[in-house]
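Inside the fold
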Amino acid sequence: MRRSLVVMAAVLALGVVARISTAQEPPPARDVVHIRIENSRFDPATIEVKPGSTVRFVIENTDPIDHEFILGDQRLQDIHEAGTGHHHGEVPGEVSVPAGTTRSTTYTFEGPGALLFGCHAPGHWDYGMRGTVKIA
């Protein structure tokens, strides 16, 4: 009886593992980076990651105004800076962070190199609401 329970538990566990491994979801984050928004600034403003790493960014907005977190190269930052929309859906590395909330986004880094992150609410990028991710 005990042996059959062990065998049944093993079969169930294998079924769970098989279901997880065939899911079409992004790879799980191996690293978590917490970023705090305060006084329209990101803290920390410089982050280091390893090439190939998948990072979950948890962004806490302590300001009384909405912000966003946009991660990408200068070209992507320029596109967002010229745009009018500041609410983002399911795009890795892009998330709207309403006042007083915490939101997250996951991003897989290639590399080596560097990417920028920033807020493109009107005037925020020019104010200096940006940072750098060093991939090395």
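In what follows, the structure referred to is the one given above.
A brief structural summary.

Cut-offs applied
Residues numbered from 1 in each chain as written. Predicted model: local features only at pLDDT ≥ 70, side-chain atom pairs only at ≥ 80, totals over all residues. Heavy atoms only, no water. Core = buried A, V, L, I, M, F, W, Y, C linked by side-chain atoms within 4.5 Å. Buried < 20%, exposed > 50% of the residue type's maximum accessible area, 1.4 Å probe, protein only. Helix = DSSP H or I, 4+ residues; strand = E, 2+ residues; numbered from the N terminus. Pairing = 2+ DSSP bridges. Axes fitted to C-alpha atoms, helices over the stretch in contact; angles between N-to-C directions. Contact = heavy atoms within 4.5 Å. Phe/Tyr/Trp six-rings, centres within 6.5 Å; stacked < 30°, edge-to-face > 60°. Lys NZ or Arg CZ within 6 Å of the ring centre and 35° of its normal. Salt bridge = Lys/Arg side-chain N within 4 Å of Asp/Glu carboxyl O.

Where a protein is soluble and globular, its nonpolar side chains tend to be buried together. Counting 22 residues, the largest nonpolar core has F57, F69, L71 and F109 as the members making the most contacts within it. Those elements that place two or more of their residues in this core are strand 1 (31-38), strand 3 (46-49), strand 4 (54-61), strand 5 (67-72), strand 6 (94-97), strand 8 (113-118) and strand 9 (130-135).

As a further point, take the sheet that holds strand 2 (residues 41-43). Read across the sheet, four strands follow the order 2-1-4-7 without closing on themselves; strand pairing throughout is mixed. Looking at which strands have only one partner, the edges of the open sheet turn out to be strand 2 and strand 7 (102-108). Geometrically, the sheet is characterised by an average inter-axis angle of 25° between neighbouring strands, direction not taken into account.

Turning our eyes to something else, we now look at the sheet that holds strand 3. Taking strand neighbours across the sheet as the criterion, the five strands line up as 3-9-8-5-6 in an open arrangement whose pairing is mixed. Each edge of the open sheet carries a strand with a single partner, namely strand 3 and strand 6. Each adjacent strand pair in this sheet contributes to an overall mean axis angle of 20°, direction not counted. Here strand 5 pairs with strand 6 via four bridges, running antiparallel. Bridge pairing in strand 6 links I70 to E94. Packing of helix 2 (residues 74-82) onto the sheet brings it into contact with strand 5, strand 6 and strand 8, and relative to strand 5 it is tilted by some 150°.

Let us now look at the packing of aromatic side chains. Overall, the coordinates contain six aromatic pairs when judged by the stated rule. Each residue in the set F42, F57, F69, Y107, F109 and F117 is aromatic and connected to the rest through ring pairs, giving one cluster. The lysine or arginine in question, R41, covers the ring of Y127, its NZ or CZ lying 4.3 Å from the ring centre. The residue whose ring lies beneath R130 is W125, and the NZ or CZ to ring-centre distance is 4.4 Å.

Bringing the pattern of salt bridges into the picture now. Taken as a whole and judged by the stated rule, the model has two salt bridges. With a closest N to O distance of 3.5 Å, R36 and E60 form a salt bridge. On the criterion of sequence distance, the pair formed by R36 in strand 1 and E60 in strand 4 is long-range, its members being 24 residues apart. The partly exposed category is assigned to R36, whose relative accessible area is 33%. The structure contains a network of salt bridges with shared partners spanning R36, E38 and E60.

By the element assignment, R103 lies in strand 7. In this structure R103 comes out as partly exposed when scored by relative accessible area, which is 35%. Along the chain, R103 and E60 lie 43 residues apart, while their C-alpha atoms are 6.6 Å from each other. Setting aside its immediate chain neighbours within four residues, R103 contacts F57, V58, I59, V95, S96, V97 and P98.

A cis geometry characterises the amide bond from D43 onward to P44, with omega recorded as 5°. You can see P44 is positioned in the loop between strand 2 and strand 3. For the bond from G111 to P112, the omega torsion is -5°, close enough to zero to count as cis. Inspection of the secondary structure assignment puts P112 in the loop between strand 7 and strand 8.

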